[in-house]
Amino acid sequence: SKDKFSFITDKNILNEGLYLRRWKKGECLNLLSGSNNKLISDLFINSKLSKIEKLLQPIIVNKYDNIVWVPGLAYAEQPVEHKTKFLREIKWIQN
């Protein structure tokens, strides 16, 4: 999905657990756009996030603590079999 406020994942990944946390210094994201790893701090700088926004920006990780989604900013590359009928969409709603 091009909407970075929604995320499509395999039901099995969802069933294994997705977790919300803050970013950690030096952390990388393997982007879906085909480029290599990108530092989360660089993603925040390129998105022109303020210091407060960086502290408040959620990071969604899988059960192995690998980043799968930075809501509103980027998706991580993940092994999803798009032929499966078991895809689920998750939406991030901000007030």
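The structure under discussion appears in the preceding block.
Residues numbered from 1 in each chain as written. Predicted model: local features only at pLDDT ≥ 70, side-chain atom pairs only at ≥ 80, totals over all residues. Heavy atoms only, no water.

A.B. asks: What am I meant to see in the overall build of the protein chain here?
C.D. replies: Scanning the protein chain for helices and strands turns up 3 helices and 8 strands. Residue pairs at least 24 apart in sequence account for 66% of intrachain contacts in the protein chain once pairs closer than 6 positions are excluded. Summing over all exposed atoms, the protein chain offers an accessible surface of approximately 6700 Å²; the carbon and sulfur share of this is 53%. (Helix = DSSP H or I, 4+ residues; strand = E, 2+ residues; numbered from the N terminus. Contact = heavy atoms within 4.5 Å. Areas by Shrake-Rupley, 256 points an atom, 1.4 Å probe, with all protein chains shown as cover.)

A.B. asks: Would you mind going over the sheet that holds strand β6 (residues 67-70) with me for this structure?
C.D. replies: Within a sheet, adjacent strands bond to each other through the backbone by hydrogen bonds, running parallel or antiparallel. Strand order in the open sheet formed by 4 strands is β2-β5-β6-β7, and the pairing between neighbours is antiparallel. If you trace the sheet from one side to the other, it starts and ends with β2 (18-21) and β7 (74-75), each paired once. Of the pairings in the sheet, the one linking β6 to β7 comprises 2 bridges and is antiparallel in character. Residue pairing in the sheet places Trp 69 in a bridge with Tyr 75 of β7. (Pairing = 2+ DSSP bridges.)

A.B. asks: Hey, could you run me through a nonpolar patch on the surface in this one?
C.D. replies: Together, Ile 52, Leu 55 and Leu 56 make up a nonpolar patch on the protein surface, roughly 340 Å² of accessible area in all. You can see Leu 56 is positioned in helix α3 (residues 51-56). (Patch = residues over 30% accessible without salt bridge, like charges linked within 9 Å, V, L, I, M, F, W, Y side chains within 5 Å. Salt bridge = Lys/Arg side-chain N within 4 Å of Asp/Glu carboxyl O.)

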